[in-house]
Amino acid sequence: MRFPLATTDSEPQKRKHVIDPSAWISGISYFIGCVVAGGSKIVAEILNNTAAMILLPLSYVAFIASVMLIQRHMKKSLLASTFGKPQTLVTSGIFAWSRHPIYAAFLMPLIALASLSYPAAATGIIIYVILMEIFVIRPEEAELTEIFGQDFANWKAVTRRWI
């Protein structure tokens, strides 16, 4: 399941640009966490909370840096999820510890919400993990099983899903 942003059907050498479901789920989870943290008063709360003013932007910088490093290891661009079916099963580097390190990296901004509100962070994280499991991870792992068979099964048996 991918959500189209713009298509380039007339130019076959270019791929379609899409917004991956994981980005939607992350954004929705973060938004719900912010609503729980203070709703419309969230901006004022952030500006009055030094820890939040530091942690929230730094968590996004850490998230983007993590994604860049992980995708560099995969030899993919930041839009790697839009390249279609996987061609290679990456099991080295951070993928030796987590089957979905990029999705785990999405947790950083959600965890940073704890600087405003523990319930906000918990709500955002719970929503994110449940939606990712149902709509992204299970379908992706089914596809990896179909494509890589026993190699994926062996890696899955010794590598955690998240962290």
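Residues numbered from 1 in each chain as written. Predicted model: local features only at pLDDT ≥ 70, side-chain atom pairs only at ≥ 80, totals over all residues. Heavy atoms only, no water.

Asks: Please set out helix α1 (residues 21-38) residue by residue, giving values where relevant.
Replies: The first and last C-alpha atoms of α1 sit 26 Å apart over 18 residues, in line with the 26 Å expected at 1.5 Å per residue. Here α1 has its buried residues at Pro21, Ser22, Ile25, Ser26, Ser29, Tyr30, Gly33, Cys34, Ala37 and Gly38. Of the residues trailing α1, glycine 39 is marked for its positive phi of about 55 degrees. (Helix = DSSP H or I, 4+ residues; strand = E, 2+ residues; numbered from the N terminus. Expected span 1.5 Å × (residues − 1). Buried < 20%, exposed > 50% of the residue type's maximum accessible area, 1.4 Å probe, protein only.)

Asks: So what's going on with the environment of lysine 85? Which residues, and what values?
Replies: Mapped onto the elements, lysine 85 comes out in the loop between α3 (50-74) and α4 (101-105). For lysine 85, a relative accessible area of 48% translates into the label partly exposed. As for lysine 85 and glutamate 140, which are separated by 55 residues in sequence, their C-alpha atoms are 9.7 Å apart. Residues contacting lysine 85, with those up to four places away along its chain left out, are Glu143 and Ile147. (Contact = heavy atoms within 4.5 Å.)

Asks: Kindly report on the packing of aromatic side chains, identifying the contributing residues and their values.
Replies: One pass over the full model with this rule turns up 3 aromatic pairs. Their ring planes at 45 degrees and their centres at 6.0 Å tell us that phenylalanine 106 and tyrosine 128 sit as a pair that is tilted. Taken together, the residues span a long stretch of sequence, with phenylalanine 106 in the loop between α4 and α5 (107-112) and tyrosine 128 in helix α6 (residues 118-148) at a distance of 22 residues. Per residue, the accessibility class of phenylalanine 106 equals that of tyrosine 128, and both read buried. (Phe/Tyr/Trp six-rings, centres within 6.5 Å; stacked < 30°, edge-to-face > 60°.)

Asks: Tell me about the environment of leucine 56, and name the residues and values.
Replies: Here leucine 56 is to be found in helix α3. Measuring from C-alpha to C-alpha, the distance between leucine 56 and alanine 114 comes to 9.6 Å, with 58 residues separating the pair along the chain.

Asks: Describe the environment of glycine 33, with residues and values.
Replies: For glycine 33, the location among the structural elements is in helix α1. Glycine 33 gets classed as buried once you look at its relative accessible area, which sits at 0%. Linking glycine 33 and leucine 110, residues 77 residues apart in sequence, is a C-alpha distance of 7.6 Å. What glycine 33 contacts, discounting residues up to four positions off in sequence, is Leu113, Ala120 and Gly124.

Asks: So what's going on with the confidence of the model for the protein chain? Residues and values would help.
Replies: Model confidence for the protein chain is summarised by a mean pLDDT of 78, while 81% of its residues fall at 70 or above. The weakest mean pLDDT in the protein chain belongs to strand β1 (residues 3-6) at 33; the strongest belongs to helix α7 (residues 150-158) at 95. Segment residues 1-17: pLDDT under 50, and 29 contacts once partners within four positions in sequence are set aside and those in other chains are kept. Segment residues 77-82 is flagged for pLDDT under 50; beyond a separation of four residues in sequence, or across chains, it makes 15 contacts in the model. (pLDDT = per-residue confidence, 0-100.)

Asks: How would you summarise a nonpolar patch on the surface if you had to cite specific residues and measurements?
Replies: Taken together, the side chains of Val43, Leu47, Met53, Ile54, Leu58 and Val61 define a hydrophobic patch exposed on the protein surface, amounting to about 580 Å² of accessible area. Residue assignment for the nonpolar patch shows that the elements contributing at least two residues are α2 (42-47) and α3. Among the elements that line the nonpolar patch, the one with the most residues is α3, at 4 residues. Structurally, valine 61 can be placed in helix α3. (Patch = residues over 30% accessible without salt bridge, like charges linked within 9 Å, V, L, I, M, F, W, Y side chains within 5 Å. Areas by Shrake-Rupley, 256 points an atom, 1.4 Å probe, with all protein chains shown as cover. Salt bridge = Lys/Arg side-chain N within 4 Å of Asp/Glu carboxyl O.)

Asks: So, the packing of α1 against α6: which residues are in play, and what are the values?
Replies: Viewed as axis vectors pointing N to C, α1 and α6 meet at an angle of 155 degrees, and their least axial separation amounts to 8 Å. Viewed along their axes, α1 and α6 adopt a mutual orientation that is roughly antiparallel. The hand of the α1/α6 crossing is right-handed. The segment α1 lies against α6, with Pro21, Ser22, Ile25, Ser26, Ser29, Ile32, Gly33, Val36 and Ala37 engaging Pro119, Ala120, Thr123, Gly124, Ile127, Tyr128, Leu131, Met132, Phe135 and Val136. Of the residues belonging to the contact of α1 with α6, the class tally is 13 nonpolar, 6 polar and no charged. (Axes fitted to C-alpha atoms, helices over the stretch in contact; angles between N-to-C directions. Parallel < 35°, antiparallel > 145°, perpendicular 65-115°, else oblique. Left-handed = near helix turned anticlockwise from the far one by under 90°. Nonpolar A, V, L, I, M, F, W, Y, C, P; charged D, E, K, R; others polar.)

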